[in-house]
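# Summary of structural features
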Amino acid sequence: MRIMDSKQKSTTQKQSLSTLTTYYLLIYNSILTVGWTFILYETIKQVISYKSVDDLWKCHGLWNAIEIPLKICQTAAFLEVVHAMFGLVRSNPMIVFIQIISRVFLVWGVANYIPHAQLSLGIFLAVTAWSITEIIRYAYYALNLFQVSPQLLTWCRYSFFIVLYPLGVTGEILTIIKAMQTIYPEIVRNRYSIVLPNKFNFGFDYFYFLCVVLLAYTYFPTMYKHMFKQRAKTLNTSPSKKIQ
Amino acid sequence: MSAKNQGNTFRLEVLKARGNGVLTSIDNISPDTTIAELKKRVAQQKSQLYPDRQSYRAEPTGKSVKDTQKLSELNVDKTKKIYFKDLGPQIGWSTVFVAEYAGPLFMYLLFYIRPSFIYGSSAGSKPMHFAAHLGAACWTFHYAKRILETLFVHRFSHSTMPLFNLFKNCSYYWGFTALVSYFVNHPKYTPPSFGYAQIYLGLAIFILNEIGNLSIHLLLRDLRPAGTNQRRIPYPNKNPLTNLFHLVSCPNYTYEIGSWLGFSLMTQTLTALLFTFAGTVQMTIWAKQKHRAYKKDFPDKYPKQRKAIIPFLI
């Protein structure tokens, strides 16, 4: 009798843990869907207020408008690595980490660190691409928790990237280039870098660091192709699948 | 002594383990043929598949078989099939190690002479601190020792490794060499905070650990009889530095960490410490594998107080 009780107890424990997980993830995904919707709204509101090409090219005031919610939402995404590590979601934690780190780096390591980079069309392109993608993604995850998977949403998730992914990458690269132009002169460079001499004989040139980061974007074509493959698999669009 | 099945030669189909297809077939092969001999025969037919590239299994998915096994032991004389896997281009172990160690040796010395294309035109004439000279001496000693050990001391379980490993390992060694040597040899190098006391302490630690590492390598060499893959439990010998075997399974790695800690202390250079850390992580992984293998091979006899790499800890 006692053995049965403890077994029943552990099954119900497992069930309540899984319900707890589901509700936690529901709250997480919902908050982020709302967060990114707000970011998109503020972005569009700012951009339609621009009166000249120069305004758009420099994106005056955009960063100030979205800085806080953007930092919160993008950094909170690290929780998804934790979710993957503890099996709350079925993703590879390493892959999730790599996807997040590039965005987080752009927010904190480029735009936040080198304020002049905030005045770039790149910010607008990147944030627009990110927010549309994330709204769809988090909404998709939230609904998925209850086995709801609207065809339209799925189609959007696996099709919008065709435009948004190159758009986002363009935005990120433009922002990085703006940052690099800003810190190229030696006087400015030294403010953002670790210079010699120092006690630990360590130097870190931020300009060259950004050069290396740019090189990482050469992975874009491979990732883009991979996403098309995923799309074909999920939406069953490959010709061989069509049976007569 | 098993009777030779002289009259039972058969035709062996060599199939590809991945995908379907026949690689080739061997006529008139005897059940007593070893895998090693099979590899030679296949290489005769497919010249680009030298024996070190070939790997065989009795089933399409399964563990690969050893060179010493006979076809009859694997039931292949009944099934008349064996499965082949191409291990890809191989490179000799010794070749790899010499390339991996010669690169760092020469690259460090290249930075040591402070060439103008790295440090600017006036750098070569600026004075160099004693610690930086010692850094170059220790680095050179370490890698020269490694090359000599590869040529004269070590015995390897496999004769080759995949070519890809060469690029991966060389990137690691050459990359870190650049990172360390750039800063130690820099004209703006700052000597250690605690001066010569720190420099000599670091140097002493380095030398002691290098000798320790060599002692372990010599012990391991004598442990394994020449030309065999036989495994035995290593125990300390007359050399007091080998007493570390009482506490860890891989004291050679422990001493290696010690050497680099000494080097980092002596030069007070952050990238040297990063290099030490990276090496420690990798060697801990290897030590744990080796430790597990020892315990599996010798479940009753293996000394229980031994850890893998850090005494009492890991």
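Residues numbered from 1 in each chain as written. Chains lettered and ligands numbered in written order. Predicted model: local features only at pLDDT ≥ 70, side-chain atom pairs only at ≥ 80, totals over all residues. Heavy atoms only, no water.

### Things to note about the overall build of chain B
For chain B, the helix and strand inventory stands at 9 helices and 6 strands. By the compact-globule yardstick of 20 Å for 314 residues, chain B is too spread out, its C-alpha radius of gyration being 25 Å. Overall, chain B is about 80 × 50 × 30 Å in size when its C-alpha atoms are taken along their principal axes. Put simply, chain B has 314 residues, and 44% of those count as buried. A separation of at least 24 residues holds for 73% of the contacts in chain B among residues at least 6 apart in sequence. If you sum the accessible surface of chain B, you get close to 16,900 Å²; carbon and sulfur atoms cover 61% of it. (Helix = DSSP H or I, 4+ residues; strand = E, 2+ residues; numbered from the N terminus. Rg over C-alpha atoms; globule rule 2.2 N^0.38 Å. Buried < 20%, exposed > 50% of the residue type's maximum accessible area, 1.4 Å probe, protein only. Contact = heavy atoms within 4.5 Å. Areas by Shrake-Rupley, 256 points an atom, 1.4 Å probe, with all protein chains shown as cover.)

### A few points about the UniProt feature "domain: Ubiquitin-like" (unreviewed entry) in chain B
The positions that UniProt labels "domain: Ubiquitin-like" (unreviewed entry) are, in the present scheme, residues 10–84 of chain B. Taken as a whole, residues 10–84 of chain B contains 20% helix and 31% strand, while its terminal C-alpha atoms sit 18 Å from one another. (UniProt positions renumbered as here; feature names shortened; annotations may be inferred.)

### Some thoughts on a nonpolar patch on the surface
Residue and element names in this part refer to chain A. Among the surface-exposed residues, Tyr 24, Leu 79, Val 82, Met 85 and Phe 86 lie close enough to one another that they form a single nonpolar patch of about 500 Å² accessible area. Per-element accounting of the nonpolar patch gives the leading share, 3 residues, to helix H4 (residues 79–85). Relative to the elements of secondary structure, Met 85 occurs in helix H4. (Patch = residues over 30% accessible without salt bridge, like charges linked within 9 Å, V, L, I, M, F, W, Y side chains within 5 Å. Salt bridge = Lys/Arg side-chain N within 4 Å of Asp/Glu carboxyl O.)

### Overview of the nonpolar core
Grouped together as the largest cluster of nonpolar side chains are 50 residues, with contacts concentrated most on Trp 36, Leu 70, Val 110, Ile 176, Ile 183 and Leu 210 of chain A. At 9 residues, helix H6 (residues 121–144) of chain A tops the list of elements feeding residues into this core. Beyond its immediate stretch of four places on either side in the chain, Val 110 of chain A contacts Phe 105, Ala 117, Thr 175, Ile 176, Ala 179 and Leu 210 of chain A. Counting 27 residues, the second largest nonpolar core, distinct from the first, contains Trp 139, Ile 147, Tyr 189 and Ala 272 of chain B. (Core = buried A, V, L, I, M, F, W, Y, C linked by side-chain atoms within 4.5 Å.)

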